[in-house]
Amino acid sequence: MKIAKNVSKLGTELVYDIFAKTKKLQAEGKKIIDLSLGQSAENPPGYVIEATIKALKDGSNGYTVPNGIIECREAVSRKIKSLYNVNISPERIFIMPGGKPTMHYAISFFGEPGVEIIYPDPGFPIYESMINYTGAKAIPYNLTKNKDFKINADQILSLINKKTRLLIVNNPHNPTGSFTEKKEIDKLANGLLNVPNVALLSDEIYGRLVFEKKEFPTFLNYPDLYDRLIILDGWSKTYAMTGWRLGWGVWPEKLVNHLFKFCVNNHSCVNAAIQYGAIAALDGPDDSIHAMVKKFISRRNLIVEGLKKIQGIEFSEPKSGFFIFPDVKGTGMNGDEFADKCLNEAGVALIQGTAFGKFAKNNVRLNFTTSEENINNALEKITKMLN
Ligand SMILES: Cc1ncc(COP(=O)(O)O)c(C=O)c1O
């Protein structure tokens, strides 16, 4: 049997391996504190669940249109208007089975041998995986060079050349928890006006989880880029709905027909009833999001204070999302060694920086959305492990 050679170019998300390892250790009776996951420990608001159950009871059992029911696309359009005061036609909005398919489709749209795609390193591992799969050349921008892992517009713009087809930006950022303010995003958007052949995939999945009430600089603020801008967003992180597999993309008008066919050829449509839950989430009050962010800030503060006391660990304070990405070089270990030791000796699951690219080999990612008790215990175990 022979399979297509591009299949072997696919990468993966190490988090799933660590998830399986953690479950196995737990099944063997070991106590593991799990700080590895890419999701919060919260639940979606009750009215979202009720709206979904109601839709199921009312008979939402069949296929829907591949781009998502119109009511759901209109709800996304309404939410975008209320948050960012821009008008996006529901025709440009696609409801997706998660945020990730927008990434998969966007990179598939632009990647092929002979072209280049620019992406963040460290960054969500599927960017590089999918770029390699398409045969395009993966061009990373090194975020470890920048203060607090922020986006540096000049650094990114300097990588663009005639072969560049697509630029991927992720703000707020996984795995570092960094947040880049409007001024730098303005600079990047302005620079992109000079390179009209470069498309932009802006991954804004953590856009509602910005701390300190700072304004989130969505690329939807730049209508001059709309003819080559793809926005990746969704319900997973904002409403604690990762397992529902529900996301949305905003696409350039001229790509809508192609995208429609991609959906038909792949997932057909998103689960029908869940799209009604999705509407309830968007149209409901934002209280659950504000309460969640408040909780994340206090847990961020807890982990920051705890990590400060551990010798050999350095970090930037996360300004968004739910990850912290310390450098552990000072402990005498690299990120891989540190993560292994934490899991096997301390019973704390976290993820090595190399899971997110080649530049963060001395870092590890910790999720701080678990209970305060878990955070305190994990910090205690790590301290003990190092002494
Ligand atoms: C930066 C980033 N983009 C996209 C995704 C995918 O989100 P979803 O689970 O909705 O597919 C994730 C999930 O961890 C992420 O961290």
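Positions within a chain are numbered from 1, following the residues in the order the chain's sequence is written. Only residues with pLDDT of at least 70 are given local features in this predicted model, and only at 80 or more are side-chain atom pairs given and counted; all residues enter the totals for whole chains, interfaces and linings.

Numbered from the N terminus, helices here are DSSP runs of H or I no shorter than four residues, and strands are runs of E no shorter than two. Within the chain, the secondary structure is distributed over 12 helices and 12 strands. Each radius of gyration is computed over the set of C-alpha atoms, and the globule rule expresses the reference value as 2.2 Å times the number of residues to the power 0.38. For 387 residues, the compact-globule estimate of 2.2 N^0.38 gives 21 Å, and the chain sits close to it at 21 Å. Evaluated residue by residue, the chain yields a buried proportion of 49% over its 387 residues. It is the C-beta atoms, placed from the backbone, that decide contacts: two residues are in contact if theirs lie within 7 Å. Across the chain, every contact between residues at least 6 apart in sequence was considered, and the portion connecting residues at least 24 apart equals 72%. Any residue with 12 or fewer other C-beta atoms within 10 Å of its own C-beta is exposed, any with 20 or more is buried, and the rest are partly exposed; the C-beta atoms used are placed from the backbone.

This part takes up the pairing of strand E12 (residues 364–367). In summary, the side chains of a regular strand alternate between the two faces of the sheet. Judged by which residues are buried, E12 turns out to be covered on both faces: Val364 and Leu366 on one side and Arg365 and Asn367 on the other are all buried. Strands qualify as paired when DSSP identifies two bridges or more between them. As defined by bridge partners, strand E9 (residues 323–324) adjoins E12 across two bridges and the pair is classed as antiparallel. Its bridge partner lying in E12, Phe323 is registered against Asn367. Pairing geometry for strand E11 (residues 351–352) and E12, over two bridges, is antiparallel. Bridging across to E12, Gln352 finds its partner in Val364.

Moving on: helix H1 (residues 14–27). Expected span of a helix, by definition, is 1.5 Å for each gap between consecutive residues, and there is one gap fewer than residues. Compared with the 20 Å implied by 1.5 Å per residue over 14 residues, the 20 Å span of H1 between its first and last C-alpha is a close match. Residues of H1 that are buried: Val15, Ile18 and Thr22. End-on view of H1: buried residues confined to an arc of 60°, all on one side of the axis. Of the exposed residues in H1, those oriented more than 90 degrees away from the buried face are Tyr16, Ala20, Lys24 and Ala27. Residues of H1 that are buried in the fold lie against strand E1 (33–34), strand E10 (348–349) and E11. Note that the arc is computed from the directions linking the helix axis to the C-beta atoms.

Residue ranges labeled as domains rest on an automatic or database domain assignment. Assigned domains within the chain: domain 1 (5–43 + 287–386) and domain 2 (46–283). Computed from C-alpha atoms alone, the centre-to-centre distance between domain 1 and domain 2 is 25 Å. Every contact between the two is made by 32 residues of domain 1 and, on the other side, 31 residues of domain 2. Taken together, the elements giving at least two residues each to the side of domain 1 that touches domain 2 come down to helix H10 (287–308) and E9. Residues are grouped as follows: nonpolar covers Ala, Val, Leu, Ile, Met, Phe, Trp, Tyr, Cys and Pro; charged covers Asp, Glu, Lys and Arg; every other residue, Gly included, is treated as polar. For the side of domain 1 that touches domain 2, the per-class residue count stands at 14 nonpolar, 12 polar and six charged.

The step from Asn171 to Pro172 runs through a cis peptide bond, and the omega angle for that step is -10°. Among the structural elements, Pro172 can be located in the loop between strand E5 (164–170) and helix H7 (182–192). In this chain, Asn174 is followed by Pro175 through a cis amide linkage whose omega measures 15°. Position of Pro175 among the secondary structure elements: in the loop between E5 and H7. With a phi angle near 55°, Asp148 is a residue other than glycine that sits in the positive phi range. The residue Asp148 is located in the loop between strand E4 (137–142) and helix H6 (153–157) in this model.

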